[in-house]
Amino acid sequence: SQQGEEDPQALSIQEGENATMNCSYKTSINNLQWYRQNSGRGLVHLILIRSNEREKHSGRLRVTLDTSKKSSSLLITASRAADTASYFCATDGRTGGGADGLTFGKGTHLIIQP
Amino acid sequence: DTEVTQTPKHLVMGMTNKKSLKCEQHMGHRAMYWYKQKAKKPPELMFVYSYEKLSINESVPSRFSPECPNSSLLNLHLHALQPEDSALYLCASSHILGRSNSYEQYFGPGTRLTVT
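What you see is a predicted model; the values in this text were computed from it and never measured.

Colleague: Explanation requested: the overall build of chain A in the structure shown.
Modeller: Looking only at helices and strands, one finds zero helices and 11 strands in chain A. If you list the helices and strands of chain A from N to C, you get β-β-β-β-β-β-β-β-β-β-β. A globule of 114 residues ought to have a C-alpha radius of gyration of about 13 Å, and chain A, at 14 Å, matches this closely. If you line up chain A on its principal axes, its C-alpha atoms span 45 × 30 × 20 Å.

Following this line, the structure appears as structure tokens:
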């Protein structure tokens with residue numbers, strides 16, 4: 001079953017602008033992760049935020065987590081053409097165990113116009 | 001080596017065929033995963049192996065049979081598939097940290113399967 005819902009489903013911006021994607025989820029989680037996928041290839045891990053964290057940065061990425069609203073946002077600053085991809089949030093918490101499959105949101109397809 | 005490899009890259013099979021997908025990692029990860037991804041949809045979890053034992057089966061039909069022969073290898077055996085099983089099959093691996101914790105998962109490039 002789908003846990004996360006990304007918003008927007010598609011986003012087109014000019015190179016250099018910032019891109020913000022949102023994710024909502026339904027059940028309690030241990031961690032929330034963001035992944036990038038380039039046109040039907042494997043997923044690449046971007047950032048992980050734990051349920052007791054509110055904000056995390058990694059390079060041009062900024063992730064926030066609001067567990068009271070069951071939502072997260074991913075901000076990509078100073079976008080580049082190479083950022084064109086689909087972005088998925090993913091949550092765990094199925095079992096509480098250490099090897100827990102991820103439940104992915106529907107994804108945001110980001111297009112960076114040169 | 002931070003790579004997960006999957007073979008084959010593409011596979012076309014008939015509904016009566018038996019085939020296998022293979023996945024390999026040498027990062028010392030003790031958790032391995034199979035996901036299925038249909039076009040323009042997110043990946044969906046199929047199976048989780050923890051310390052070479054099947055720990056999660058997301059009610060996957062028995063025509064998909066996973067196998068973890070050792071800590072580096074993960075197979076997915078396919079038999080009597082249906083056209084609707086056509087999808088990108090992704091393998092992933094991760095460390096196991098402990099209860100209520102998880103590491104990032106490393107994904108392979110996937111096998112694009114077409115069932116005719």
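Colleague: Would you explain the sheet that holds strand E3 (residues 19–24) of chain A in this entry?
Modeller: What holds strands together in a sheet is hydrogen bonding between their backbones, with the strands either parallel or antiparallel. Residues and elements named next belong to chain A. A sheet is described by the order of its strands in space; here five strands give the open sequence E1-E3-E8-E7-E6, paired in antiparallel fashion. Each edge of the open sheet carries a strand with a single partner, namely strand E1 (5–7) and strand E6 (55–58). The sheet shows a mean angle of 15° between the axes of neighbouring strands, direction not considered. Where E3 and strand E8 (residues 71–76) come together, six bridges link them in antiparallel fashion. Across the sheet, Asn-22 pairs through a bridge with Ser-73, a residue of E8.

Colleague: Is there a simple way to think about the state of the cysteines in this case?
Modeller: Residue and element names in this part refer to chain A. Applying the stated criterion across every chain, the model contains two disulfides over all chains. Paired through a disulfide, Cys-23 and Cys-89 show a sulfur-sulfur distance of 2.0 Å. On the sign convention where negative means left-handed, the S-S torsion of about 65° between Cys-23 and Cys-89 marks this disulfide as right-handed. Taken together, the residues Cys-23 in strand E3 and Cys-89 in strand E9 (residues 85–91) connect sequence positions 66 residues apart.

Colleague: What is the right way to look at the interface of chain B and chain A in this model?
Modeller: In this assembly, 30 residues from chain B lie in contact with 27 residues from chain A. When chain B packs against chain A, close to 2,000 Å² is buried across both sides, 51% of that on carbon and sulfur atoms. If you look at where chain B meets chain A, you find zero salt bridges. Here chain B is connected to chain A by three residue pairs in polar contact (both at pLDDT 80 or more). Elements with a contribution of two residues or more to the side of chain B that touches chain A: strand E4 (31–37), strand E5 (44–50) and strand E9 (87–94) of chain B.

Colleague: When you look at the environment of Ser-65 of chain B in this model, what are you seeing that I'm missing?
Modeller: Along the chain, Ser-65 of chain B turns up in strand E7 (residues 64–70). Taking the C-alpha atoms as reference points, Ser-65 of chain B and Trp-34 of chain B, 31 residues apart in sequence, are found 11 Å from one another.

Colleague: In this structure, what is going on with the nonpolar core? I would like to understand it.
Modeller: For soluble globular proteins, the rule of thumb is that nonpolar side chains tend to be buried together. Counting 23 residues, the largest nonpolar core has Trp-34, Phe-64, Leu-76 and Leu-78 of chain B as the members making the most contacts within it. If you list the elements that add at least two residues to this core, you get strand E2 (10–13), strand E3 (18–25), E4, E5, E7, strand E8 (73–79), E9 and strand E11 (111–115) of chain B.

Colleague: Can you help me understand the pairing of strand E6 (residues 53–57) of chain B in this one?
Modeller: On a regular strand, one side chain projects to one face of the sheet and the next to the other, so that they alternate. Of the pairings in the sheet, the one linking E5 of chain B to E6 of chain B comprises four bridges and is antiparallel in character. Looking across to E6 of chain B, one finds that Phe-47 of chain B is bridged to Asn-57 of chain B.

Colleague: Before we go on, may I ask you to explain the sheet that holds strand E1 (residues 4–7) of chain B in this structure?
Modeller: Residues and elements named next belong to chain B. Pairing in this open sheet of four strands is antiparallel, and the strands run E1-E3-E8-E7 from one edge to the other. Of all the strands in the sheet, just E1 and E7 have a single pairing partner and so form its edges. The mean inter-strand angle of the sheet, taken between neighbouring strand axes irrespective of direction, is 20°.

Colleague: It is not clear to me how the packing of aromatic side chains should be interpreted in this structure. Could you clarify?
Modeller: Any aromatic ring pair is given by two values, namely how distant the centres are and how the planes are angled relative to each other. The final tally for this structure, using the stated rule, is eight aromatic pairs over all chains. With centroids separated by 5.6 Å and ring planes inclined at 80°, the aromatic side chains of Tyr-35 of chain A and Phe-107 of chain B adopt a geometry described as edge-to-face. Linking Tyr-35 of chain A in strand E4 (residues 31–37) with Phe-107 of chain B in strand E10 (residues 106–107), this pair reaches from one chain into another. Under the relative-accessibility criterion, Tyr-35 of chain A is labelled buried at 0%. A ring pair is formed by Phe-104 of chain A and Phe-107 of chain B, whose centres lie 6.2 Å apart and whose planes are at 70°; its orientation type is edge-to-face.

Colleague: I keep staring at the environment of Phe-104 of chain A and nothing clicks. Help me out?
Modeller: Inspection of the secondary structure assignment puts Phe-104 of chain A in strand E10 (residues 103–104). Sequence separation of Phe-104 of chain A and Ala-78 of chain A is 26 residues, and the distance between their C-alpha atoms is 26 Å.

The rules behind these values
- All residue numbers here refer to positions counted from 1 along the written sequence of the relevant chain.
- Chains carry letters from A onward and ligands carry numbers from 1 onward, assigned in written order.
- The model is predicted, so local features are restricted to residues of pLDDT at least 70 and side-chain atom pairs to those at 80 or more, both for listing and for counting; the totals for chains, interfaces and linings are taken over all residues.
- For the side-chain quantities, the full set of heavy atoms in the structure was used; hydrogens and water were omitted.
- Strands here mean DSSP runs of E at least two residues long; helices mean DSSP runs of H or I at least four residues long; both are numbered from the N terminus.
- Only the C-alpha atoms count toward the radius of gyration. The rule for a globule is 2.2 Å times the residue count to the power 0.38.
- For two strands to be treated as a pair, DSSP must find no fewer than two bridges joining them.
- Comment: axis = line fitted to C-alpha atoms, over the contacting stretch for helices; angle = value between 0 and 180 degrees taken between N-to-C directions.
- Two cysteine sulfurs form a disulfide in these notes if their separation is within 2.5 Å.
- In what follows, residue pairs with any heavy atoms lying within 4.5 Å of each other are defined as contacts.
- In this description, buried area is defined as the sum, over both parts, of the accessible area (probe of 1.4 Å) that is lost when the two are combined.
- Any carboxyl oxygen of Asp or Glu within 4 Å of a side-chain nitrogen of Lys or Arg constitutes a salt bridge here.
- Each polar contact in these results corresponds to two N or O atoms within 3.5 Å; when the atoms are within protein, one needs to be able to donate a hydrogen and the other to accept it, and residues that are neighboring in sequence are counted only if both atoms are side-chain atoms.
- Here the nonpolar core consists of buried residues drawn from Ala, Val, Leu, Ile, Met, Phe, Trp, Tyr and Cys, with membership extended through side-chain atoms lying within 4.5 Å.
- Here the term buried applies to any residue with accessible area under 20% of the maximum for its type, exposed to any over 50%, and partly exposed to those in between, with areas from a 1.4 Å probe on protein chains only.
- Two aromatic rings, drawn from Phe, Tyr or Trp (for Trp, its six-membered ring), form a pair once their centres lie within 6.5 Å of each other, and the interplanar angle then sorts them: stacked below 30 degrees, edge-to-face above 60, tilted otherwise.

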